[in-house]
Amino acid sequence: MRNDTLGSTNGRYKVITLCGSTRFRQQFERINAELTLQGHVVISVGVFVHAGDHPVTEAQKTMLDSVHLQKIDMADEIFVVNPGGYIGESTGREIEYARRKGIPVRYLEQQGTA
């Protein structure tokens, strides 16, 4: 039985990978904190490229996309950070990847068919 205070199920905490545009750094940080305080293991992005965190090469961008897919593979669910309903091309690919793997998808702002 789930203990909502601690967020664990049978002594194991749910792993949630955050997905979404890296331009939403503040929302990522807020949601990461909220989910962590609910007792979840949260995996987030490592570099906020679109927020101007670090300039990256195309090769690095490709590598970061691949790393994020591995983060999705590690998750019990993904949580899409999509203020205003925004879902970019990369995030759309990540959502489809998770769905193909049978990983549940939750949204900050619910989508019709995305």
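Everything below is about the structure shown above.
Basis of the calculations
Starting from 1, residues in each chain are numbered consecutively following that chain's sequence as written. The predicted origin of the model limits local features to residues at a pLDDT of at least 70 and limits the giving and counting of side-chain atom pairs to 80 or more, whereas totals for whole chains, interfaces and linings rest on all residues. With hydrogens and water stripped out, all remaining heavy atoms of the structure feed into the side-chain values. Strands are treated as partners if at least two bridges between them are detected by DSSP. Numbered from the N terminus, helices here are DSSP runs of H or I no shorter than four residues, and strands are runs of E no shorter than two. Every axis corresponds to a line fitted to the C-alpha atoms, with the helix fit spanning only the stretch in contact, and the corresponding angles, defined between N-to-C directions, vary from 0 to 180 degrees. Contacts were defined at the residue level, with two residues in contact if any of their heavy atoms lie within 4.5 Å. Multiply 1.5 Å by the residue count of a helix minus one, and that product is the helix's expected span. Three labels apply to residues, based on accessible area from a 1.4 Å probe with only protein chains included: buried if under 20% of the type maximum, exposed if over 50%, partly exposed otherwise in between. Comment: arc refers to directions from the helix axis out to C-beta atoms. Throughout this description, the term salt bridge denotes a Lys or Arg side-chain nitrogen within 4 Å of a carboxyl oxygen of Asp or Glu. Handedness of a crossover is defined as follows: orient the strands so they point away from the viewer, and if the path from the first strand over the helix to the second runs clockwise, the crossover is right-handed.

> How do you make sense of the sheet that holds strand β4 (residues 41–43) when you look at a structure like this?
Hydrogen bonds between backbone groups are what pair the strands of a sheet, and the pairing can be parallel or antiparallel. Strand order in the open sheet formed by 4 strands is β4-β3-β5-β6, with parallel pairing between adjacent strands. Each edge of the sheet is formed by a strand with only one pairing partner; in this case those strands are β4 and β6 (105–107). Neighbouring strand axes in the sheet, compared pairwise and without regard to direction, differ in orientation by 30° on average. Here strand β5 (residues 77–81) pairs with β6 via 3 bridges, running parallel. Within the sheet, the bridge partner assigned to Phe 79 lies in β6 and is Arg 106. Each of β3 (15–20), β4, β5 and β6 is contacted by helix α1 (residues 25–37), which is oriented at about 165° to β3, the strand it contacts most.

> Would you mind showing me how to read helix α2 (residues 58–73) here?
Each full turn of the α-helix corresponds to 3.6 residues, which orients residues three or four apart in the same direction. For α2, spanning 16 residues, the distance from its first C-alpha to its last is 23 Å, which sits close to the expected 22 Å at 1.5 Å a residue. Inspection of α2 places His 68, Lys 71 and Ile 72 among the buried residues, and these make up the whole buried set. Seen from one end, α2 has its buried residues packed into an arc of 100°, which puts them on one side. Opposite the buried face of α2, by more than 90 degrees, sit the exposed residues Ala 59, Thr 62 and Gln 70. Buried residues along α2 sit in contact with β3, β4, β5 and α3 (89–100).

> In this structure, what is going on with the pattern of salt bridges? I would like to understand it.
When charged atoms on two side chains of opposite charge get close, those side chains can pair. All chains considered together, the criterion is met by 9 salt bridges. Where Arg 25 meets Glu 29, a salt bridge forms, and the shortest distance between an N and an O atom there is 3.5 Å. Here Glu 29 and Arg 25 lie together in helix α1, a separation of 4 residues that amounts to about one turn. Its relative accessible area of 45% is what places Glu 29 among the partly exposed residues.

> Please clarify how the pairing of β5 should be interpreted in this entry.
Regular strands have side chains that alternate between both faces of the sheet. The buried fraction of β5 amounts to 5 of the 5 residues, a majority that puts the element mostly inside the structure. Burial along β5 is two-sided: the face carrying Glu 77, Phe 79 and Val 81 and the face carrying Ile 78 and Val 80 are both buried. A crossover connection joins β5 to the parallel β6 through α3; in handedness this β-α-β unit is right-handed.

Purely geometric stuff here, so don't read any function into it on its own.
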